[in-house]
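Residue-level listing of the chains:
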Amino acid sequence: MLLYILAGLLLVPRVLILTGQNNHDWERTVAHLEAILNEGDYFEVNTVLTPAQDASWEGFDVDFSLYDVVVSAYNGEQWPEDLRRSFEMYVAEGGTVVMQHAANNPFPGWKAFEQMVGLLWRGPDGGDRVFVDNDGELVRVPAGDGIGAGHGRLHDWSITTRAPEHPIFRGFPTEWLHPYDELYHGQRGPAENLHVLATAYSSPEHGGTGKHELMVWWIPYGEGKVLTLLPGHLWAGQEDDRALRCVGFRTLLARSVQWLALGVVTLPLPEDFPTLDQTRIR
């Protein structure tokens, strides 16, 4: 087993960042994602842009099998059937994916996508809602009962580690401050086989729910894994990009990608990691 792990660590995982459509500023967001994953020699990163909205998809294709991890920053039109089928096969046969922020918004009605993401930006009838109560227990609200997806105002909020022994979160503080971001709440979906890694308290003072909303989770799909990472919002024209320059967010993204690719995490926790009282920005 040790030899297998050491052999894996000698490999440089191949990472695909996929974008091209998003209701957020995908160009600046992807520049941040590229900078994070290109820091050091841990990953080989390639970015592929889909056709723009309302443009022809004819001739567009992605060979997902070339990559160990796909990082999706895509939120736009439905993909062509061949591309959807290729993506499903990639994950089912062992591929891994990070859904970053609004990448959990698109594709209503694509059942396989909704299964592998679990909780998505959907209305109250779009599936179950899941949050964590004050005792740390998962609470499931059935479809049609309560609110659908939304968010409050941009503000600083803390992220709570819910799986301290998971390789991604090993060494993280129990709670740490994340700057000026959207805090998604009321996500809906099939919510099956959820492995919850982190939550955030959605404060009513800032337009939230008063619940501990899921922020980071992963779901097995066939032989593969899909991890959703909800922080990292940036509107077009929004000057304040601290959410993407947060040391905590940067660490989360890089360690998530490494865990998905290799099954282990060797990236150290930075010395300037945020505390409960202080954000840290690169």
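Figured I'd write up the structure that's included with this text. Bear in mind the structure is a predicted one, so any value in this text is a computation, not a measurement. Residues take numbers from 1 onward in each chain, read along the sequence in its written order. This being a predicted model, a pLDDT of at least 70 is required before a residue's local features are given, and a value of 80 or more before pairs of side-chain atoms are given or counted; all residues contribute to the totals for chains, interfaces and linings. Derived side-chain values reflect all non-hydrogen atoms in the structure, with water molecules and hydrogen atoms excluded from consideration.

### Remarks on the overall build of the protein
Right, so step 1: When you go through the protein residue by residue, the secondary structure sums to six helices and 14 strands.
Right, so step 2: By the compact-globule yardstick of 19 Å for 282 residues, the protein fits well, its C-alpha radius of gyration being 18 Å.
Right, so step 3: Once the C-alpha set of the protein is aligned to its principal axes, its extents read approximately 50 × 40 × 40 Å.
Right, so step 4: Buried residues are those whose accessible area, probed at 1.4 Å on protein chains only, stays under 20% of the maximum for their type, while exposed residues exceed 50% and partly exposed ones sit between those limits. In the protein, which comprises 282 residues, the share counted as buried stands at 53%.
Right, so step 5: In the protein, of all internal contacts separated by at least 6 residues, the share reaching a separation of at least 24 is 69%. Counting from the N terminus, the helices are the DSSP runs of H or I reaching at least four residues and the strands are the DSSP runs of E reaching at least two. Just to be clear, the radius of gyration here is over C-alpha atoms, and the globule rule we use is 2.2 Å times residues to the power 0.38. Every residue pair with non-hydrogen atoms within 4.5 Å of one another is taken to be in contact.

### Topic: the side chain of Asn75
Right, so step 1: Tracing the chain through its elements places Asn75 in the loop between strand S3 (69–72) and helix H3 (81–92).
Right, so step 2: What qualifies as a polar contact is a pair of N or O atoms within 3.5 Å, subject to a donor-acceptor requirement within protein and to the restriction that residues adjacent in sequence count only when both atoms come from side chains. Looking at Asn75, its side chain comes within polar contact range of the side chain of Asn105, at 3.5 Å.
Right, so step 3: Excluding anything up to four places from it in sequence, Asn75 contacts Gln21, Asn22, Asn23, Ala102, Asn105 and Pro106.

### Quick notes on unusual backbone geometry
Right, so step 1: One non-glycine residue, Phe107, lies in the positive phi region at around 65°.
Right, so step 2: Relative to the elements of secondary structure, Phe107 occurs in the loop between strand S4 (96–100) and helix H4 (111–117).
Right, so step 3: Not every positive phi belongs to a glycine, and Ala191 is a case in point at roughly 50°.
Right, so step 4: By secondary structure assignment, the location of Ala191 is in the loop between strand S11 (188–189) and strand S12 (195–201).

### Points about the layout of surface pockets
Right, so step 1: Grid points spaced at 1 Å over the protein atoms alone were grouped into cavities, where a 1.4 Å probe fits but cannot get out, and pockets, open sets with protein on both sides within 12 Å along at least five of seven lines, with lining residues defined by an atom within 4 Å of a point. Grid points are joined across faces, edges and corners, and a volume is the space filled by probe spheres set on the points. In this structure, the largest pocket encloses a volume near 350 Å³.
Right, so step 2: The dominant element in the lining of the largest pocket, judged by the number of residues it contributes, is helix H6 (residues 247–262), at four residues.
Right, so step 3: For the lining of the largest pocket, the per-class residue count stands at eight nonpolar, six polar and five charged.
Right, so step 4: There is about 290 Å³ of room inside the second largest pocket.
Right, so step 5: Forming the walls of the second largest pocket are 16 residues, and the residues nearest its centre are Glu39, Ala254, Leu267, Pro268 and Pro270.
Right, so step 6: Examining the composition of the lining of the second largest pocket, we find that five residues originate from one element, H6, more than from any other.
Right, so step 7: Ten residues, namely Ala, Val, Leu, Ile, Met, Phe, Trp, Tyr, Cys and Pro, are considered nonpolar, four, namely Asp, Glu, Lys and Arg, are considered charged, and the remaining ones, Gly among them, are considered polar. Classifying every residue of the lining of the second largest pocket gives 10 nonpolar, two polar and four charged.

### Regarding H3
Right, so step 1: The span you would expect from a helix comes to 1.5 Å times its residue count less one. Taking 1.5 Å of rise per residue, 12 residues should cover 16 Å, and H3 covers 16 Å from first to last C-alpha, within 8% of that figure.
Right, so step 2: Residues of H3 that are buried include every one of Leu83, Phe87, Tyr90 and Val91, and no others. Down the axis of H3, the buried set is contained in an arc of 90°. They therefore lie on one face. Along H3, the residues that are exposed and aim more than 90 degrees away from the buried face are Glu81 and Asp82.
Right, so step 3: Residues of H3 that are buried sit in contact with S3, S4, H4, strand S13 (212–221) and strand S14 (224–229).
Right, so step 4: The first or second residue beyond H3 is Gly94, which carries a positive phi of 120°. The arc under discussion is defined with respect to the helix axis, by the directions toward the C-beta atoms.

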